[in-house]
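If you want the building blocks of each chain, they are given just below.
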Amino acid sequence: MAINRKIQTLDEFTIQQMRNFPQATGELSGLLRDMGLAAKRVHVEVNKAGLVDILGDAGTMNVQGEEVKKLDVFANNQFMGVLQHGISCAGIGSEELDDIVVFDDEVSNQSKYVCLFDPLDGSSNIDVNVSIGTIFSVFRRVSELGKPATKADFLQAGNKQVAAGYVIYGSSTMLVYATRRGVNGFTLDQSIGEFTLSHPDIQCPDTGKIYSVNHGNFFQYEEKVKEYINACQRKNKDNGGPYTQRYIGSMVADVHRNLIKGGIFMYPGTTDKPKGKLRLLYECNPFAFIVEKAGGKATNGKQRILDIEPTEIHQRTPMFIGSKLMMEELESFTQQATK
Ligand code: P6P
């Protein structure tokens, strides 16, 4: 029995990637390691969230005399902090902050990348112990190195991303990220405090039997979407229907499950919210990049998510994402097959 199974940590993996690509400066690898460090710190707090009352609720002081912050504010500060004190990132955009934060110091202004993130998506699920997550997107700057980052660095189409990833704080804590070279998943091994490669070269199954949507909004969806959702519930020898409906209400958990098992996740526009609820830059773009790299598809119902030209940091978009063949089946209903 193999005893010394070679377990590769996130740091070892990213350094190995650098060895394989000598022209790499190591900045992107460093940024990904920074995200891993912040994720470990958030993991600790999320996993004791249920105990916050003992440690003092948000807004009070904990036993160390530190102010206890809301977890999503805490998470935001952890991810912003590692990036601001690193050498790879010139600025950030965050779901928690109204506008971008340009770090504007000598080292950061020389950094090649900017990062957008949702520091703790689904945080309302914390107090009922449902999985939540962090989602992040990385762009190479378009502004001049040596000067502060600009808004244009952040308002790039998703097809310009150089990396994207997420952390899921669930039964285990996993970090999954994609670059142009593929998608890899790392599980936090708490015995050594390191993310270790557990899901190399993730491929999204071409099809699946899970559809994920909030049925509470059903009567607000457009007709073609309703027809598809109805079809998901019908016997169908060709596509293995009826499908199973699973909706956790935490995007990271729903999309992660479909990435591994196959399936489709939908947050369509509604009559109340024609643009839907999900944010383009730090929720939909990262997942679209990851799922496409793993062989799946992601659209807003009319075009590839990754081809949308953003106009503002917090803009929303309808989102349909998942297994290639299930997405093509959806498109056959909406007759708007995307290229
Ligand atoms: P609804 C969580 O608040 C979130 O932003 C996503 O993680 C999740 O997919 C969605 O909202 C759930 O929204 O309207 O179905 O409760």
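Note that this is a predicted model, so its numbers are computed, not measured.

**Points about the pattern of salt bridges**
Side chains that differ in sign of charge can pair as their charged atoms come close.
Phase 1: In this structure the tally under the stated criterion is eleven salt bridges.
Phase 2: Put simply, arginine 304 and glutamate 292 hold a salt bridge, and the shortest N to O gap is 2.6 Å. Pair noted here: arginine 304 is in the loop between β12 (297-299) and β13 (319-322) and glutamate 292 is in helix α9 (residues 280-293), with a separation of twelve residues, a long-range link.
Phase 3: By relative accessible area, glutamate 292 is classed as partly exposed at 23%.
Phase 4: Connected via shared salt-bridge partners are Glu292, Arg304 and Asp307.

**What to know about the site of the ligand**
Phase 1: Every residue close to the ligand is listed here: Asp121, Gly122, Asn214, Tyr247, Gly249, Ser250, Met251, Phe265, Tyr267, Lys277 and Glu283.
Phase 2: Within the contact set of the ligand, an oxygen atom lies 2.7 Å away from a backbone nitrogen or oxygen of methionine 251.
Phase 3: In this structure, an oxygen atom belonging to the ligand sits 3.0 Å away from a side-chain N or O atom of lysine 277.
Phase 4: Look at the ligand: alone it shows 400 Å² of surface, and the protein chains cover 79% of it.
Phase 5: Considered class by class, the residues forming the shell around the ligand number four nonpolar, four polar and three charged.

**Focus on the domain arrangement of the protein chain**
Phase 1: Under the domain assignment used here, the protein chain contains domain 1 (10-199) and domain 2 (210-338).
Phase 2: Put simply, the middle of domain 1 and the middle of domain 2, counted by C-alpha atoms, are 25 Å apart.
Phase 3: Listed by partner, the interface residues are 40 residues for domain 1 and 28 residues for domain 2.
Phase 4: Area buried by domain 1 at its contact with domain 2 is led by Ile135, Leu155 and Tyr166, which between them contribute 22% of it.

**Observations regarding the state of the cysteines**
Phase 1: Evaluated as defined, the whole model comprises zero disulfides.
Phase 2: Sulfur of cysteine 204: no disulfide; nearest cysteine sulfur belongs to cysteine 232 and is 15 Å away.
Phase 3: In this structure cysteine 204 comes out as buried when scored by relative accessible area, which is 6%.
Phase 4: Cysteine 284 takes part in no disulfide bond, and the closest cysteine sulfur, belonging to cysteine 204, lies 16 Å away.
Phase 5: Judged by relative accessible area, cysteine 284 falls into the buried class, the value being 0%.

What counts and how
- Counting of residues starts from 1 at the beginning of each chain's written sequence and follows it residue by residue.
- In view of the model being predicted, local features appear only for residues whose pLDDT reaches at least 70, and side-chain atom pairs are presented and counted only at 80 or more, with totals across whole chains, interfaces and linings using the full set of residues.
- Think of the side-chain values as coming from all heavy atoms in the structure, minus any hydrogens and water.
- Salt-bridge detection follows one rule: a side-chain nitrogen of Lys or Arg within 4 Å of a carboxyl oxygen of Asp or Glu.
- Only DSSP runs of H or I covering at least 4 residues are called helices, and only runs of E covering at least 2 are called strands; the numbering of each starts at the N terminus.
- When accessible area is computed with a 1.4 Å probe and restricted to protein chains, residues below 20% of their type maximum are described as buried, those above 50% as exposed, and intermediate ones as partly exposed.
- Whether a residue is near a molecule or strand depends on its heavy atoms: it is near if one of them lies within 4 Å of it.
- Throughout this description, a polar contact denotes any pair of N or O atoms lying within 3.5 Å of each other; where both atoms belong to protein, one of them has to be capable of donating a hydrogen while the other can accept it, and for residues adjacent in sequence the pair is counted only when both atoms sit in side chains.
- Only the protein chains shown count as covering a residue, and every accessible area follows the Shrake-Rupley method with a 1.4 Å probe.
- Residue polarity is assigned by list, with Asp, Glu, Lys and Arg as charged and Ala, Val, Leu, Ile, Met, Phe, Trp, Tyr, Cys and Pro as nonpolar; anything else, Gly included, falls into the polar class.
- Either an automatic procedure or a domain database provided the assignment from which the domain bounds are taken.
- Throughout, a contact is declared for two residues whenever any of their heavy atoms are within 4.5 Å.
- What gets called buried area is simply the loss in accessible area from a 1.4 Å probe that two parts show on being joined, summed for both.
- In this description, the term disulfide denotes a pair of cysteine sulfurs within 2.5 Å.

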